[in-house]
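The residues making up each chain are set out below.
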Amino acid sequence: MRIDIVSVVPDLMQSPLSHSILKRAQDKGILEVHLINLRDFSSKTYKQVDDYPYGGGAGMVMMCEPLSKCIEHLKEQRSYDEIIYMTPDGDQLKQKTANTLSLKTNLLIICGHYKGIDERIREKYVTMEISIGDYVLSGGELAAAVLVDTIGRLIPGVLSDETSALTDSFQDELLSPPIYTRPEDFQGMKVPEVLLSGNDKKIQDWRYEQSLERTKKRRPDLLDNNLE
Ligand code: 6GU
């Protein structure tokens, strides 16, 4: 999979994309991430990419021209399965979205900064609009890093233990059960007996019960969604 990310502050995403599982995915050649600096497509003297909003008000708006030039340039080289705009008024990112996107070949992600991008760019090019939650970030970059992380780890072949992503919280719309490692006794707090029993069936049943209980207590909304 190839993911191209357009931003005015591409450096913001450098570190999250260069470690851990995303690094491994790129080292293995399964994932390719390219950061594109929108300023490279500005025709203004000071590489300006934003301008005052028509109608007035606070904040700047990312102009049509550099974005359009940039997107057209990228589209000449490959066709994108989705052109995704990161925006707080987009559809909220869910595991299901990540699952679907992890099977694509070419994705283009556009990060808004300032107040966001000119509406006409959304109308002309954008095929998906994604938010990562109901709070405000300074720009789409950290949200894009979150999106790439959640997609990247799902691409077939990225996780060495192929089943590991399947037992994540949310993958089956339940939260994960509690987990333990050595020692068996930590300052008098013991690991649940069943996990030491060696009885796989009992362990799986216990984990499922714990998942269900935890979800009921912490995120009953997830269970309601299951009934829809
Ligand atoms: Cl995708 N962008 C911004 N600027 N803020 C956000 C967001 C995205 N998702 C949640 N808050």
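Note that the structure is a prediction, hence the values are computed from the model and not measured. (Residues numbered from 1 in each chain as written. Predicted model: local features only at pLDDT ≥ 70, side-chain atom pairs only at ≥ 80, totals over all residues. Heavy atoms only, no water.)

1. Focus on the site of the ligand
Okay, so step 1: For the ligand, the full set of nearby residues is Met86, Thr87, Pro88, Ile130, Ser131, Ile132, Gly133, Tyr135, Leu137, Gly139, Gly140 and Ala143.
Okay, so step 2: At 3.0 Å from a nitrogen atom of the ligand is found a main-chain nitrogen or oxygen belonging to Ile132.
Okay, so step 3: Within the complex, the protein chains bury 96% of what would otherwise be the 290 Å² of accessible surface of the ligand.
Okay, so step 4: Taken together, the elements giving at least two residues each to the shell around the ligand come down to β5 (82–92) and β7 (128–131). (Near = heavy atom within 4 Å. Polar contact = N/O pair within 3.5 Å; in protein donor to acceptor, adjacent residues only side chain to side chain. Areas by Shrake-Rupley, 256 points an atom, 1.4 Å probe, with all protein chains shown as cover. Helix = DSSP H or I, 4+ residues; strand = E, 2+ residues; numbered from the N terminus.)

2. Quick word on the domain arrangement of the protein chain
Okay, so step 1: According to the domain assignment, the protein chain contains domain 1 (2–152) and domain 2 (169–227).
Okay, so step 2: For domain 1 versus domain 2, the distance between C-alpha centres works out to 36 Å. (Domains from an automatic or database assignment.)

3. Some remarks on the pattern of salt bridges
Okay, so step 1: With the rule as written, the count across this model stands at 13 salt bridges.
Okay, so step 2: Across the pair Asp168 and Arg153 runs a salt bridge whose closest N-O atoms are separated by 2.6 Å. You can see Asp168 sitting in the loop between α6 (141–152) and β8 (185–186) and its partner Arg153 sitting in the loop between α6 and β8, a full 15 residues away along the chain.
Okay, so step 3: Here Asp185 ties to Lys190 by a salt bridge, and the two come within 3.8 Å at their closest N and O atoms.
Okay, so step 4: The class of Lys190 is exposed, set by a relative accessible area of 61%.
Okay, so step 5: Ionic contacts of the salt-bridge type, sharing partners, join the residues Arg2, Asp4, Glu32 and Arg78 into one network. (Salt bridge = Lys/Arg side-chain N within 4 Å of Asp/Glu carboxyl O. Buried < 20%, exposed > 50% of the residue type's maximum accessible area, 1.4 Å probe, protein only.)

4. Considerations on the pairing of β5
Each regular strand displays side chains that alternate between the two surfaces of the sheet.
Okay, so step 1: The pairing of β5 with strand β6 (residues 106–111) spans five bridges and is classified as parallel. Residue pairing across strands places Tyr85 opposite Ile110, the latter belonging to β6.
Okay, so step 2: Where the polypeptide runs from β5 across helix α4 (residues 95–101) and back to β6, its parallel neighbour, the crossover connection is right-handed.
Okay, so step 3: In this sheet, β7 lies alongside β5 in parallel orientation, the contact comprising five bridges. In the strand pairing of β7, Tyr85 is matched with Glu129. (Pairing = 2+ DSSP bridges. Right-handed = clockwise from strand over helix to strand, strands pointing away.)

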